[in-house]
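Structural overview
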Amino acid sequence: MSGKTAGKGAGKRAAELFAAAGGKNPDAPRHNFIRRLMGGEFSLTVTFWIFCVSVPLAAHLLFTRVIFPLIDVHSWYGSTAFLIWPVLALLYGAVAGLGLWRSRAHFSGNPLWANLAGLAALLGMTGAVAYAVMMAASWFMITSA
């Protein structure tokens, strides 16, 4: 056995792999990355683990460990940076949650995972709101001291 599937050439196997990876037409123009995420064009697994878990965690660690120690919250630019962060968290939470919600429709595995992803999308959007409120409240507590 040479590893070839009987009756299929390399081109057909490559087309099947490309289609399975989510590719439609290689000549079609690519949408904006944010639109693709919001439209649920990424797989359920990628959307959940990358966009709903890894990116928010990395962003929070970047802000709290690198950016926050460098800004002066008692100046106008430091306060602006500190208050823009919750707004960005809300926007990103809405985009990632909507993308996770919509990517459930393309999931072909166990329906339990798709339903749990819907629950995770709702909890994630609620968590983004709670995170934004916590960060804004932190700014008020820091500046009033």
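As shown above, the structure is provided for reference.
Now for a quick tour of the structure.

Cut-offs applied
Residues numbered from 1 in each chain as written. Predicted model: local features only at pLDDT ≥ 70, side-chain atom pairs only at ≥ 80, totals over all residues. Heavy atoms only, no water. Helix = DSSP H or I, 4+ residues; strand = E, 2+ residues; numbered from the N terminus. Expected span 1.5 Å × (residues − 1). Bend = angle between axes of the 7 residues up to and from the residue. Buried < 20%, exposed > 50% of the residue type's maximum accessible area, 1.4 Å probe, protein only. Contact = heavy atoms within 4.5 Å. 1 Å grid on protein atoms, 1.4 Å probe; cavity = no way out; pocket = protein on both sides within 12 Å on 5 of 7 lines; lining within 4 Å. Points joined across faces, edges and corners; volume = space filled by probe spheres on them. Nonpolar A, V, L, I, M, F, W, Y, C, P; charged D, E, K, R; others polar. Core = buried A, V, L, I, M, F, W, Y, C linked by side-chain atoms within 4.5 Å. Patch = residues over 30% accessible without salt bridge, like charges linked within 9 Å, V, L, I, M, F, W, Y side chains within 5 Å. Areas by Shrake-Rupley, 256 points an atom, 1.4 Å probe, with all protein chains shown as cover. Salt bridge = Lys/Arg side-chain N within 4 Å of Asp/Glu carboxyl O. Polar contact = N/O pair within 3.5 Å; in protein donor to acceptor, adjacent residues only side chain to side chain. Phe/Tyr/Trp six-rings, centres within 6.5 Å; stacked < 30°, edge-to-face > 60°. Lys NZ or Arg CZ within 6 Å of the ring centre and 35° of its normal.

So, on to the environment of Arg-36. Looking at where Arg-36 falls in the secondary structure, it is placed in helix H2 (residues 33–38). Separated by 63 residues in sequence, Arg-36 and Gly-99 have C-alpha atoms that sit 8.1 Å apart.

On to helix H3 (residues 44–70), then. Taking 1.5 Å per residue, 27 residues should reach 39 Å; H3 reaches 36 Å between its end C-alpha atoms and fits that length. Within H3, the axis deviates most sharply at Phe-63, by approximately 35°. Of all the positions in H3, only Leu-44, Thr-47, Phe-51 and Phe-63 are classed as buried. Where H3 is buried, its residues meet H2, helix H4 (76–103) and helix H5 (111–144).

Estimated volume of the second largest pocket: approximately 420 Å³. As for the second largest pocket, its lining consists of 23 residues, and the residues nearest its centre are Pro-56, Ala-89, Tyr-92, Gly-93 and Ala-128. For the lining of the second largest pocket, the elements supplying multiple residues, two or more each, are H3, H4 and H5. Taken together, the residues of the lining of the second largest pocket sort by class into 18 nonpolar, 5 polar and no charged.

Take the nonpolar core next. Generally speaking, nonpolar side chains in soluble globular proteins are found buried as a group. Core analysis: the largest hydrophobic core is formed by 8 residues, namely Phe-63, Val-73, Phe-82, Trp-85, Ala-89, Tyr-131, Met-135 and Trp-139. Elements that contribute at least two residues to this core include exactly H4 and H5. If near-sequence neighbours (up to four positions away) are discounted, Trp-139 is found in contact with Val-73, Ser-79, Phe-82 and Leu-83.

Turning our attention to a nonpolar patch on the surface. A grouping of Leu-112, Trp-113, Leu-116, Leu-119 and Leu-123 is seen on the molecular surface, where their side chains present a nonpolar patch of about 530 Å² in accessible area. Inspection of the secondary structure assignment puts Leu-123 in helix H5. Accessibility expressed as a relative area gives 56% for Leu-123, which makes it exposed.

Next up on the list: the side chain of Thr-47. Tracing the backbone through its elements, the reader meets Thr-47 in helix H3. You can call Thr-47 buried: its relative accessible area is 1%. Here the side chain of Thr-47 touches Ser-43 through a polar contact of 2.8 Å, landing on its backbone oxygen. Every residue in contact with Thr-47, bar those within four places of it in the chain, is listed here: Leu-37, Phe-42, Cys-52, Ala-96, Gly-99, Leu-100 and Ser-103.

Enumeration according to the criterion identifies 9 aromatic pairs in this entry. Judged by centre distance (5.5 Å) and plane angle (55°), the rings of Phe-68 and Phe-82 are tilted. Remark: Phe-82 occurs in helix H4 and Phe-68 occurs in helix H3; sequence separation between them is 14 residues. On the basis of relative accessibility, which here comes to 29%, the residue Phe-68 falls in the partly exposed class. Taken together, the aromatic side chains of Phe-63, Phe-68, Phe-82 and Trp-85 make up a single cluster linked through ring pairs. In this structure, Arg-104 packs its charged tip against the face of Trp-101, placed 4.0 Å from the ring centre.

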